[in-house]
Amino acid sequence: MNWMRAREGLLESKAFGVDLQSAFPIINEFGSDSSAFDSVLELLVVSGAMSMPEAVMVMVPEAWQNNPLMPAEKRAFYEWASCIMEPWDGPALFTFSDGRYCGASLDRNGLRPCRYYVTKDGRMICASEVGTVKIDPEEIVQKGRLKPGRMLLVDTKAGTIVDDEKLKLRYAQQHPFQQWIDENQIRLEHLSPSHKPAVVDDTPVSRDRRLRVFGYSAEQLNLILAPMVQHGKEPLGSMGNDTVLACLDPSPRLPYEYFRELFAQVTNPPIDPIREKLVMSLRCHVGPEGNLLEVSEQQTRRLSLDSPVLTCGELAALCAMSEKYPDWMARTLDITYDIGQGIPGYASAIDRVCGEAEAAIADGAKVIVLSDRAVSPTRVALSALLASGAVHHHLVAQKLRAKVALVVETGEARETHHFCVLVGYGVDAVCPYMVYEAVTKLHRENVLAERPVEQQCKRFRDAVDDGFRKVMSKMGISTLQSYKGAQIFEALGIAADVIDKCFVGTASRIGGTTMDGFAADALARHDLAYDGKAATQAVAAISDEGEYNWRKGGESHVNTPGSIASLQDAVRTKNAQSWKKYTDAAEQAVRDCTLRGLLDIQTVDESRAIPIEEVESWTSIVKRFCTGAMSYGSISKEAHTALAVAMNRFGGKSNSGEGGEDPERSVLRANGDSERSAIKQVASGRFGVTSNYLADADELQIKMALGAKAGEGGELLGTKV
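How each quantity is defined
Residues numbered from 1 in each chain as written. Predicted model: local features only at pLDDT ≥ 70, side-chain atom pairs only at ≥ 80, totals over all residues. Heavy atoms only, no water. Pairing = 2+ DSSP bridges. Helix = DSSP H or I, 4+ residues; strand = E, 2+ residues; numbered from the N terminus. Axes fitted to C-alpha atoms, helices over the stretch in contact; angles between N-to-C directions. Contact = heavy atoms within 4.5 Å. Phe/Tyr/Trp six-rings, centres within 6.5 Å; stacked < 30°, edge-to-face > 60°. Buried < 20%, exposed > 50% of the residue type's maximum accessible area, 1.4 Å probe, protein only. Lys NZ or Arg CZ within 6 Å of the ring centre and 35° of its normal. Expected span 1.5 Å × (residues − 1). Polar contact = N/O pair within 3.5 Å; in protein donor to acceptor, adjacent residues only side chain to side chain. pLDDT = per-residue confidence, 0-100. 1 Å grid on protein atoms, 1.4 Å probe; cavity = no way out; pocket = protein on both sides within 12 Å on 5 of 7 lines; lining within 4 Å. Points joined across faces, edges and corners; volume = space filled by probe spheres on them. Nonpolar A, V, L, I, M, F, W, Y, C, P; charged D, E, K, R; others polar. Parallel < 35°, antiparallel > 145°, perpendicular 65-115°, else oblique. Core = buried A, V, L, I, M, F, W, Y, C linked by side-chain atoms within 4.5 Å.

Got a minute to help me understand the sheet that holds strand β6 (residues 151–155) in this structure?
Hydrogen bonding along the main chain pairs the strands of a sheet, whether they run parallel or antiparallel. Spatially, the four strands line up as an open sheet ordered β1-β2-β6-β7, and their pairing is antiparallel. What marks the edges here is a single partner per strand, and that holds for β1 (93–97) and β7 (160–162). Averaged over all pairs of adjacent strands, the angle between their axes in this sheet comes to 15°, without regard to strand direction. Strand direction decides the pairing type here: β1 and strand β2 (residues 101–106), joined by five bridges, are antiparallel. Paired with T95 across the strands is A104, a residue of β2. Helix α5 (residues 164–172) rests against β2, β6 and β7 of the sheet, and its axis sits at about 85° to β6.

Shown next, in the form of structure tokens:
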């Protein structure tokens, strides 16, 4: 919706003329996804820009980027289409008609079923499954299913079924799309970027003040950054995150940590980023867009990026691209401000950056770079996320966003989640210069000396790229173009004033940290790094904050070694005091770390009390109790069977977890107890799922692309398999 609103400033139509303004906004912000799709499709067709089948091809293209078998003309058509609009991605089957053409089309993944019959009397019957309409088999002359990315089309005027391949080739051959792309498209390699390592000072990495400014910890360098540059993969952990929520943490936290990724539910199935890599793409076209309501060569005059992660050399080439392409001017905007302005200066600096971005576009800039490199003892860095989010939404509101590429050069971003939030809120590309400098210094200090710095930086980008695919796949999205600016997040603990300025339209149900709060966090990190010290004065080494592994005096965790030791002692020795110590510690940890811990039970006056006779008996209530899903391999046999026996005794339900269940557990014990799990799970690629296992369940739970496969999905370490 944001992108279509931004494009309104570029739209021109011979058919509508000045009346085109009356069609704005194109998309009703209160409408459904289907309503938004219908509005854009109608605009393309009614304006005369495209025919109905052509508009559908543009909005829902096939997976063309990684398909070498696709005809060259059709690939060129889809590449041109990607220059004018992002794919309307996600599992979808839709039907359409303009009075002449009647058809159906399936998205690039083909995760929606579509079956069709053609009968002897000239009817085509299309539905999501066979049997929706009863047809005598003798009347059927053709039947089949719609394949991924394909179109089923009937020309009612000609009385024919239009062949998908011929139809698309006909549109692909109407214009010399490949010639337009070859002559106009700009790629990073055309700018001859340098691949030399980042230039760094003599300060050891552990005492680099800027790492403190941007909130780095020794843990992040060792547990997150090091595996990414060594193996080209995100590091995996088998346990969940039980640290204190960012909005409840008294210590300074980055704004990224206030966001939670949304994931696919029920009607929008997730996909597997490994098996479905063929249909996924991170390639994006950035920079000024053309008029959506025409087909022209100028629409391909855009910069093509294969990854949203830039090296320092690539960013430098981007900033200097006007030397080779005079019509492409880049403008770098400083997102730091004078420390003397204090907390009030933070919001003012964001407003200043928004104004400078608008002015840069008026001056002819086609690339805007938001940079925090100017951070110093007297300059405080704005959060790159808050600054870029504010600029993006400001330009969208002014209908200028489609006229410029928005790039961020920041020391903040180092985890996949950081990059995802930046891109999710409209950033086109990110240069994480502090990562490259830290890697260079670690290489110099023989901590990461196994391979050249350039190769390690490439592996870091590969790790982030794979992380993007995994995050997008959880929402059923295949292309970064569709993910960019989609804001598929929920904010947890951010106040309305920040949402309205930087993250318009994002759900933030409980309010929370204000702009002044984020300013105070930025100043606190700045003071920790500099604190009035001279530039030549030594600073303490960055510490281990205990974010991933519990540390005394570090981040608060729900589970601590002390509480677990008390639990183990209580269970092994039946020690009531240890049990009390455990429950007290657990309750306090939940209060300190979670939202549910802040809830209190309100007492009411006795006049509103309910007679005990009207209250459901405990024996009836407990029958609705269920255990959490814990697979046999995650806990001991004794614990798994004890849970099942306990739940079966009072009529509740235990959960087998993934991985099957021993058939012997369905046989009653001599004393009448049952070890059978009433709820059984089925997960992708898991063993132990047999017909007997399924038939022996009262309830089945099916996991889609989220099973704990080795190294992916549920984050089960390969070494544990």
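Is there a simple way to explain the packing of aromatic side chains in this structure?
Centre distance and the angle of the planes are the two values used to describe a pair of aromatic rings. Here the structure, examined in full by the defined rule, presents 21 aromatic pairs. An angle of 85° between the planes, with centres 6.2 Å apart, marks the rings of F259 and F489 as edge-to-face. One end of the pair, F259, is in strand β9 (residues 259–261); the other, F489, is in strand β18 (residues 489–491), and 230 residues separate them in sequence. Overall, F489 belongs to the buried group, its relative accessible area being 3%. Where F259 meets F503, the ring centres are 4.8 Å apart and the plane angle is 70°; that geometry is what we call edge-to-face. Taken together, the positions of F259 in strand β9 and F503 in the loop between α16 (496–502) and α17 (515–529) put the pair 244 residues apart, joining distant regions of the chain. The exposure classification of F259 matches that of F503, with both residues buried. Members of the aromatic cluster, joined through ring pairs, are F259, Y425, F468, Y483, F489 and F503. One residue, R170, lies across the ring of Y171, its end atom 5.1 Å from the ring centre.

Whenever I open this one, helix α18 (residues 561–573) confuses me. Can you help?
Side chains of residues three or four places apart in an α-helix project in the same direction, reflecting 3.6 residues per turn. With 13 residues, α18 ought to run about 18 Å at 1.5 Å a step, and its terminal C-alpha atoms sit 18 Å apart, in line with that. Elements that come into contact with the buried residues of α18 comprise α19 (576–593). Note on α18: the residue one or two positions beyond its end, K574, has a positive phi of about 55°.

Would you mind going over the side chain of R302 with me for this structure?
As for its placement among the helices and strands, R302 is situated in the loop between β10 (284–286) and β11 (303–305). A distance of 3.2 Å separates the side chain of R302 from the backbone oxygen of H285, its partner in a polar contact. There is a polar contact of 3.5 Å between the side chain of R302 and the backbone oxygen of P288. The residues touching R302, leaving out its near neighbours within four places in the chain, are S82, C83, N184, Q185, I186, H285, V286, G287, P288, E289 and W328.

Help me understand the confidence of the model for the chain, please; the structure alone is not making it clear to me.
Caution is warranted with low-pLDDT regions, since their predicted coordinates should not be read in detail. Averaged over all residues, the pLDDT of the chain equals 89, while 94% of them reach at least 70. Across residues 707–714 the pLDDT falls below 50, and counting only partners more than four positions away or on other chains, this stretch makes 27 contacts in the model.

Help me understand empty space enclosed by the protein in this model?
Vacant regions in the atomic arrangement are exposed by a probe of water-molecule size rolled over the atoms. If you walk through the whole model with that rule in mind, you get nine cavities of 30 Å³ or more. In this structure, the largest cavity occupies an estimated 160 Å³ of space. Along its surface, the largest cavity is lined by 17 residues, and W3, H285, E289, R302 and K484 are the ones closest to its centre. Where the lining of the largest cavity is concerned, the elements lending two or more residues are α1 (2–7), α4 (72–84) and β10. A per-class count over the lining of the largest cavity returns six nonpolar, four polar and seven charged.

Teacher, can you tell me more about the packing of helix α8 (residues 218–231) against helix α13 (residues 433–444) here?
Each packed pair of helices is defined by two parameters, the angle between the axes and the distance between the axes. Across the interface, α8 lies against α13 with an axial gap of 11 Å and an inter-helix angle of 85°. Relative to α13, α8 is oriented roughly perpendicular. Here L221, L225 and V229 of α8 lie close against α13, whose contacting residues are V435, A438 and V439. Of the residues assigned to the contact of α8 with α13, the class counts are six nonpolar, no polar and no charged.

Would you explain the nonpolar core in this entry?
One broad trend across soluble globular proteins is that nonpolar side chains are buried collectively. Counting residues in each nonpolar core, the largest one holds 118 residues, and the members touching the most others are F259 and Y483. Sequence-distant contacts of F259, that is, excluding residues within four places in its chain, are made with L385, H417, V421, Y425, F489, E490, A491, I494, F503 and T506. One finds A55, V56, W80 and I181 within the second-largest nonpolar core, a separate group that totals 44 residues.

Explain the environment of D497 to me, please; I cannot follow it from the model alone.
Residue placement: D497 occurs in helix α16. Relative accessible area serves as the criterion here: at 40%, D497 is assigned to the partly exposed category. Distance in space between the C-alpha atoms of D497 and A226 is 37 Å, their sequence separation being 271 residues. In this structure D497 touches T514 and M515, once residues within four positions along its chain are discounted. A polar atom in the side chain of D497 sits 3.4 Å from the backbone nitrogen of M515.

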